[in-house]
Amino acid sequence: ERGEYDHFMLKEIHEQPESLARSILPYIDQATQTIQAGETADQIFGDADRAVAIACGTAYYAAQTAKYWFEQIARLAMETDIASEFRYRKPVLPVTGPALFVSQSGETADTLAALRYCRENKAPAIAVVNVPESSIAREAKAIVPTHAGPEIGVASTKAFTAQLAVLAVLALSAAKARGHLKAGDEARYVKSLLSLPRKVSEALEAEADIKAIAQSLVKARDVLFLGRGRYFPLALEGALKLKEVSYIHAEGYAAGELKHGPIALIEQDLPIVVVAPYDALFEKTLSNVEEVRARGGRIILVSDDRGIKLAGNRADHVIRLPDADEIAMPILAAIPMQLLAYFVAVAKGTDVDQPRNLAKSVTVE
Ligand code: F6R
């Protein structure tokens, strides 16, 4: 039931402190502060030459975010692809590494077909699924479930952050199995994962600010989302969420691609959501912000205290995130993407929980 909330989407956004705790705790040994993702996964990742991660839609953006963790923390090359492309191109699979399948429903037709291709070609399939009795879960070699609970809103929210959290666990466990995680770092990452429910609650405190900013987007014809590094997939997710529920045309771009085409779109008052918590690439993104502003774009900066301070008056609006490390921050950055899309949709009066033309589970290709 929706309870006090007007829509399932808002209820599910607010459930994320609990859905994340449920999704993370089974993979952490509290006594030793270590990651426990299961022997099969550890063994598969330990010997892997590379990995592939396959999914559709929002689940694909979770996989794309995870690619940064797998490469940077576990030093494992990971290719990500959308299932509808992967399944038909006779892809070259890893020799010893896994194929990861990310799916809330576990019934997405293209993702299931991609899994079957990998099975036929002897690549071990690991499923990150929210429905443990689903087809994808049943056919995989190993299941690493998310415990987001049933997701009713058609636009994925709590399932996405649960996918990110479980993929972070897998990346850390791969790092360990591959000898790239020092004990001190493991304890630090565990602490960061365990702090997520509290930090998500803090991120949700920006709700009133986001609601106000959303009012300024209602009349927009297009909205651009920019991000770099691990925040690039979050920009893609922000754009997808906005178009799904508000029907406003939105595009996500890697900030560094701006000059290669999309900058032509910038005109007076075009809203640009910049997903840029402070990190080693922040200054580069900030110079993109300047380029956009010089052409009249209106900047909505999603960042932490440090980033907001450095950006100064270059941002027209800011959405504040709590401080966090490279594991927790991309998960926190999902929250404002969801709330922004939600409040724009509500202001426009669309059917938020059942957007036109969309189905919760895409079981035909
Ligand atoms: C977007 C959304 C879809 C799904 C996609 C995959 O909000 O919900 O893009 O993420 O259809 O669905 P699953 O995860 O069930 O395979």
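Up top you'll find the structure we're talking about.
Everything in this summary refers to the structure shown in the same document. (Residues numbered from 1 in each chain as written. Predicted model: local features only at pLDDT ≥ 70, side-chain atom pairs only at ≥ 80, totals over all residues. Heavy atoms only, no water.)

Observations regarding the side chain of T146
Here is step 1 of the chain: Within the element layout of this structure, T146 appears in the loop between β7 (142-143) and α8 (158-177).
Here is step 2 of the chain: With relative accessibility at 3%, the residue T146 sits in the buried group.
Here is step 3 of the chain: For T146, the side chain forms a polar contact with the side chain of N130, separated by 2.9 Å.
Here is step 4 of the chain: Apart from the residues within four sequence positions on either side, T146 is in contact with S23, V128, V129, N130, A162, Q163 and V166. (Helix = DSSP H or I, 4+ residues; strand = E, 2+ residues; numbered from the N terminus. Buried < 20%, exposed > 50% of the residue type's maximum accessible area, 1.4 Å probe, protein only. Polar contact = N/O pair within 3.5 Å; in protein donor to acceptor, adjacent residues only side chain to side chain. Contact = heavy atoms within 4.5 Å.)

Some thoughts on the packing of aromatic side chains
Here is step 1 of the chain: In total, this model carries five aromatic pairs according to the counting rule given.
Here is step 2 of the chain: Consider the rings of Y60 and Y61, whose centres lie 5.8 Å apart with planes at 50 degrees: the pair is tilted. The residues Y60 and Y61 share a single accessibility class, namely buried.
Here is step 3 of the chain: The lysine or arginine in question, R306, covers the ring of Y278, its NZ or CZ lying 3.8 Å from the ring centre. (Phe/Tyr/Trp six-rings, centres within 6.5 Å; stacked < 30°, edge-to-face > 60°. Lys NZ or Arg CZ within 6 Å of the ring centre and 35° of its normal.)

Details of the environment of K360
Here is step 1 of the chain: Residue placement: K360 occurs in the segment after α15 (328-348).
Here is step 2 of the chain: As a C-alpha pair, K360 and T108 span 252 residues in sequence and 9.7 Å in three-dimensional space.
Here is step 3 of the chain: In this structure K360 touches Q104, E151, I152, G153, V154 and S156, once residues within four positions along its chain are discounted.
Here is step 4 of the chain: At 2.6 Å, the side chain of K360 and the side chain of E151 are in polar contact.
Here is step 5 of the chain: There is a polar contact of 3.4 Å between the side chain of K360 and the backbone oxygen of V154.

Here's the deal with the site of the ligand
Here is step 1 of the chain: Taken together, the neighbourhood of the ligand is formed by 13 residues, with S103, Q104, S105, T108 and E244 sitting nearest.
Here is step 2 of the chain: Here an oxygen atom of the ligand sits 3.4 Å away from a polar atom, N or O, in the main chain of V154.
Here is step 3 of the chain: Measuring from an oxygen atom of the ligand, one finds a side-chain N or O atom of K241 at 2.8 Å.
Here is step 4 of the chain: Here the ligand, which alone exposes 410 Å², has 89% of that area covered by the protein.
Here is step 5 of the chain: Most atoms of the ligand, that is more than half of them, are within 2 Å of grid points of the largest pocket.
Here is step 6 of the chain: When residues of the shell around the ligand are traced back to their parent elements, those giving at least two are α4 (57-72) and α12 (232-246).
Here is step 7 of the chain: Per-element tally for the shell around the ligand: the top contributor is α4, with three residues. (Near = heavy atom within 4 Å. Areas by Shrake-Rupley, 256 points an atom, 1.4 Å probe, with all protein chains shown as cover. 1 Å grid on protein atoms, 1.4 Å probe; cavity = no way out; pocket = protein on both sides within 12 Å on 5 of 7 lines; lining within 4 Å. Sits in = over half its atoms within 2 Å of the grid points.)

Some points on the pairing of strand β12 (residues 317-320)
Here is step 1 of the chain: Two elements, strand β11 (residues 298-303) and β12, share four bridges in a ladder whose sense is parallel. Among the inter-strand pairings, L301 is bridged to a residue of β12, identified as V318.
Here is step 2 of the chain: Note that the unit made of β11, helix α14 (residues 305-311) and β12 has a crossover that is right-handed. (Pairing = 2+ DSSP bridges. Right-handed = clockwise from strand over helix to strand, strands pointing away.)

Here's the deal with the sheet that holds strand β3 (residues 51-55)
Here is step 1 of the chain: Spatially, the five strands line up as an open sheet ordered β4-β3-β5-β6-β7, and their pairing is parallel. Single-partner strands in this sheet number two, and they are β4 (78-82) and β7.
Here is step 2 of the chain: Bridge count between β3 and strand β5 (residues 99-103): three bridges; the pairing is parallel. Residue pairing in the sheet places I54 in a bridge with F101 of β5.

Regarding the sheet that holds strand β9 (residues 249-254)
Remark on secondary structure: sheet strands pair via backbone hydrogen bonds, oriented parallel or antiparallel.
Here is step 1 of the chain: Here five strands make up an open sheet; going across it, the order is β9-β8-β10-β11-β12 and the pairing parallel. Strands at the two margins of the open sheet, each flanked by one partner only, are β9 and β12. Across the sheet, the axes of successive neighbouring strands diverge by a mean angle of 20 degrees, strand direction being ignored.
Here is step 2 of the chain: Across six bridges, strand β8 (residues 222-227) lies against β9 in parallel orientation. Considered in β9, the bridge of L224 is made with E251.
Here is step 3 of the chain: Where α12 meets the sheet, its contacts fall on β8, β9 and β10 (271-275), and the angle it forms with β9 comes to roughly 175 degrees. (Axes fitted to C-alpha atoms, helices over the stretch in contact; angles between N-to-C directions.)

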